[in-house]
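# Descriptive analysis of the structure
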Amino acid sequence: MSINILWDQQGLEGIELPVARMVEMILRREARLIEYPFLIDGYDRGRNQHDAQQILDRMQDTLTRRYEIAGPLLLITPRDLYIRGCEFVFGLARPVSSVAVVSTARLKNDYYGRVPDDADLIDRVAKEGAHELGHLLGLEHCREPECVMFRPRTLDELDRKKKMLCPACREALGA
Ligand SMILES: [Zn+2]
Ligand SMILES: [Zn+2]
């Protein structure tokens, strides 16, 4: 079953294809870019962030139920995300309904006062996208710091990960 990647139209950066190809390489599954009119809600004015759970709720209702999109579905958005109890999250997956979201907000060098770099951004979005999709395909978090399924808490931890699954995760995925 192929993977679906939906890009928030506000966040188009010309990196959609390289990210999709890299996700395919990491997960060894076909990934296709899809386009649907889609409302992003869950905005919290006080935090200037979006509630990732509410975005997943909407994806579940609109995309999975109404448009009947089958297969794992990942939304990539420029909006900064949080969940209750966390200052921020890079992304969030809901395996039971096969939807996930990743934010590019904190994956950009600019956010940390560093020089912008598309190659860095592509790597990070692909790794975090593959990570959340990995959850939708049944994978759990991994203790191996270089594995895509390791849960990074900082940008440095994310950058330390390689663009691949460790042998144990690859076996669990059957890829
Ligand atoms: Zn995770
Ligand atoms: Zn692993």
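We now turn to the structure provided with this report.

The rules behind these values
Each residue is numbered by its place in its chain's sequence as written, counting from 1. Naming scheme: in the order in which they are written, chains are lettered from A and ligands are numbered from 1. Local features in a predicted model are, by the rule used here, given only for residues with pLDDT of at least 70; side-chain atom pairs are given and counted only at 80 or more, and totals for whole chains, interfaces and linings are based on all residues. Nonpolar cores are built from buried Ala, Val, Leu, Ile, Met, Phe, Trp, Tyr and Cys residues. These are joined into a set through C-beta atoms within 7 Å. Three exposure classes are used, all based on how many other C-beta atoms lie within 10 Å of a residue's own C-beta (placed from the backbone): buried at 20 or more, exposed at 12 or fewer, and partly exposed between those limits. Segments assigned H or I by DSSP are reported as helices when at least four residues long, segments assigned E as strands when at least two residues long, and all are numbered from the N terminus. By the convention adopted here, residues are in contact when the distance between their C-beta atoms, placed from the backbone, does not exceed 7 Å. Only strands joined by at least two bridges in the DSSP assignment are considered to pair. Fitting a line to C-alpha atoms yields each axis, with helices limited to the stretch in contact; the angle taken between N-to-C directions then spans 0 to 180 degrees. Oblique is the label for any angle not covered by the other classes, which are roughly parallel (under 35 degrees), roughly antiparallel (over 145) and roughly perpendicular (65 to 115). The handedness criterion is simple: a crossing whose near helix is rotated anticlockwise from the far helix by less than a right angle is left-handed, and one whose near helix is rotated clockwise is right-handed. For a crossover, the right-handed case is the one in which the path from the first strand over the helix to the second runs clockwise, viewed with the strands pointing away from the viewer. Helix span is expected to be 1.5 Å times the residue number reduced by one.

## Here's the deal with the nonpolar core
Counting 44 residues, the largest nonpolar core has Val-23, Leu-74 and Val-101 as its most contacted members. Only β1 (3–7), α1 (16–27), α2 (52–66), β5 (73–77), β6 (81–82), β7 (91–94), β8 (99–103) and α3 (118–136) provide two or more residues apiece to this core. In this structure Val-23 touches Ile-3, Ala-31, Ala-126, Gly-129, Ala-130 and Leu-133, once residues within four positions along its chain are discounted.

## Structural notes on the sheet that holds β8
Strand order across the open sheet formed by five strands is β2-β1-β5-β8-β7, with mixed pairing between neighbours. In this open sheet, the two strands that pair with only one neighbour each are β2 (31–34) and β7. Along the sheet, successive strands turn relative to each other by an average axial angle of 20°, direction set aside. Bridge count for β7 against β8 is four bridges, and the pairing is antiparallel. Across the sheet, residue Ala-93 finds its bridge partner in β8, namely Ala-100. On the sheet, α1 packs against β1 and β2 and is oriented at approximately 150° with respect to β2. Seen against the sheet, α3 touches β1, β5, β7 and β8 and runs at an angle of roughly 160° to β8.

## Observations regarding the packing of α1 against α3
At their nearest, the axes of α1 and α3 sit 9 Å apart, and the two run at 50° to each other. Relative to α3, the element α1 lies oblique. Handedness of the α1/α3 crossing: right-handed. When α1 is examined against α3, the residues Pro-18, Val-19, Met-22, Val-23, Ile-26 and Leu-27 are found in contact with a partner set consisting of Ile-122, Val-125, Ala-126, Gly-129, Ala-130, Leu-133 and Gly-134.

## Topic: the pairing of β1
Of all five residues making up β1, five are buried, and the element is well covered by its neighbours. The side-chain alternation of β1 yields two buried faces, one formed by Ile-3, Ile-5 and Trp-7 and the other by Asn-4 and Leu-6. When β1 meets β2, the two strands line up parallel, connected through four bridges. When the sheet's bridge partners are listed, Ile-5 is paired in β2 with Leu-33. Once the chain exits β1 it traverses α1 before rejoining the sheet at β2, and the crossover so formed is right-handed. Of the pairings in the sheet, the one linking β1 to β5 comprises four bridges and is parallel in character. Each residue of the ladder has a partner; that of Leu-6, found in β5, is Leu-75.

## Topic: α3
Between its terminal C-alpha atoms α3 stretches 27 Å, which fits the 27 Å expected from 19 residues at 1.5 Å a residue. Of all 19 residues in α3, 14 are buried, a share of seventy percent or more. Phi turns positive, to about 105°, at Gly-138, one or two residues after α3.

## Considerations on unusual backbone geometry
Notably, Arg-28 is not glycine yet its phi reads approximately 55°, a positive angle. Secondary-structure assignment places Arg-28 in the loop between α1 and β2. The residue Ser-98 is not glycine, and still its phi comes out positive at about 60°. Relative to the helices and strands, Ser-98 resides in the loop between β7 and β8.

## With respect to the sheet that holds strand β4 (residues 49–51)
Spatially, three strands are ordered β3-β4-β6 in an open sheet, and the strand pairing comes out mixed. Each end of this open sheet is capped by a strand with a single partner; those strands are β3 (43–44) and β6. Judged from the two bridges that link them, β4 and β6 form a sheet pairing that is parallel. Looking at β6, one finds that Asp-51 is bridged to Tyr-82.

Limitation: the analysis is restricted to geometry and does not speak to function.
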